[in-house]
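Breakdown of the fold
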Amino acid sequence: LGIARDLLEYARRALWDEKQGGFFDHLPTTKEGMLAEPTKLVQDFTVASGNGTAALALLRLYHLTSDAKYRQWAEETLKTFAGSVGELGSLAGSYSLALDVFLTPPAQVAIVGPKGHPATDRLWKAALKTFRPEKVVLLVDSTDQAAAKDLPPAIQAKLETSASKGVPEAYV
């Protein structure tokens, strides 16, 4: 989670348009041609748009950490393009998916238990196997206290309880 936080916070500092909102696709450059000027695309082409993907990544990080700034940043991104996506139809797929996740939070499952424990592995596999679009499944090693600093407070509390019992558990 630390790497995801670092990456999205860097993107926000380096690529966010403070005047009009939205993420630019790259840093300014002195080169000529199509990459000379950064753009802020929301429409999908052969790959998902940067802004739709950024909003979705911010929402996933919010759901994993409960840090409200990531939800706020996702909302700002979605609002930036709200007036223009209606014309894009199927080319607004990644934006639409992010909007759906914003409006309808996904199911969240936290598997808390010792890494490599057979029961932890069974719970993890069962959570991944169960079909639920956009679900968030978090595997937490109850023996790694350093990892707890990146977790939502509710999961931190469960981690302490599970660690004291030594029994893998699933929280939905």
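Residues numbered from 1 in each chain as written. Predicted model: local features only at pLDDT ≥ 70, side-chain atom pairs only at ≥ 80, totals over all residues. Heavy atoms only, no water.

Let us now look at the packing of helix 1 (residues 2–15) against helix 3 (residues 68–81). Direction vectors running N to C along helix 1 and helix 3 enclose 40 degrees, while the axes themselves pass 12 Å from each other. Between helix 1 and helix 3, the crossing angle belongs to the class labelled oblique. You can see that helix 1 and helix 3 cross each other, and the crossing is left-handed. Residue-level inspection shows Arg 5, Leu 8, Glu 9 and Arg 12 of helix 1 in contact with helix 3, the latter providing Lys 69, Tyr 70, Trp 73 and Glu 76. Among the residues making up the contact of helix 1 with helix 3, the classes are represented as three nonpolar, no polar and five charged. (Axes fitted to C-alpha atoms, helices over the stretch in contact; angles between N-to-C directions. Helix = DSSP H or I, 4+ residues; strand = E, 2+ residues; numbered from the N terminus. Parallel < 35°, antiparallel > 145°, perpendicular 65-115°, else oblique. Left-handed = near helix turned anticlockwise from the far one by under 90°. Contact = heavy atoms within 4.5 Å. Nonpolar A, V, L, I, M, F, W, Y, C, P; charged D, E, K, R; others polar.)

This part takes up the pairing of strand 2 (residues 136–141). Bridge analysis of strand 1 (residues 108–113) against strand 2 gives six bridges, and the strand direction is parallel. In the sheet register, Gly 113 faces strand 2, and the bridge partner there is Asp 141. After leaving strand 1, the chain enters helix 5 (residues 118–129) and then returns to the sheet as strand 2, a path that is right-handed. (Pairing = 2+ DSSP bridges. Right-handed = clockwise from strand over helix to strand, strands pointing away.)

A separate point is the nonpolar core. Side chains of a nonpolar character, in soluble globular proteins, are inclined to be buried together. Formed by 23 residues in total, the largest nonpolar core has its most connected members in Phe 23, Leu 58, Leu 78, Val 85 and Tyr 95. Secondary structure elements with two or more residues in this core: helix 1, helix 2 (50–65), helix 3 and helix 4 (93–103). A per-element tally of this core places helix 2 first, with six residues. Those residues in contact with Leu 78, other than ones at most four positions away along the chain, are Ala 55, Tyr 95, Ala 98, Leu 99 and Phe 102. With nine residues, the next largest nonpolar core counts Val 136, Leu 151, Ile 155 and Tyr 171 among its residues. (Core = buried A, V, L, I, M, F, W, Y, C linked by side-chain atoms within 4.5 Å. Buried < 20%, exposed > 50% of the residue type's maximum accessible area, 1.4 Å probe, protein only.)

Further remarks concern the packing of helix 1 against helix 2. A packed helix pair is summarised by two numbers, namely the angle formed by the two axes and the spacing between the axes. Packing of helix 1 against helix 2 brings their axes to within 11 Å, and their N-to-C directions diverge by 140 degrees. What the angle tells us is that helix 1 and helix 2 run oblique. Note on packing geometry: the crossing formed by helix 1 with helix 2 is left-handed. In this structure, helix 1 uses Ala 4, Arg 5 and Leu 8 to contact helix 2, whose residues at the interface are Ala 57, Leu 58, Leu 61 and Thr 65. Tallied by class, the residues present in the contact of helix 1 with helix 2 amount to five nonpolar, one polar and one charged.

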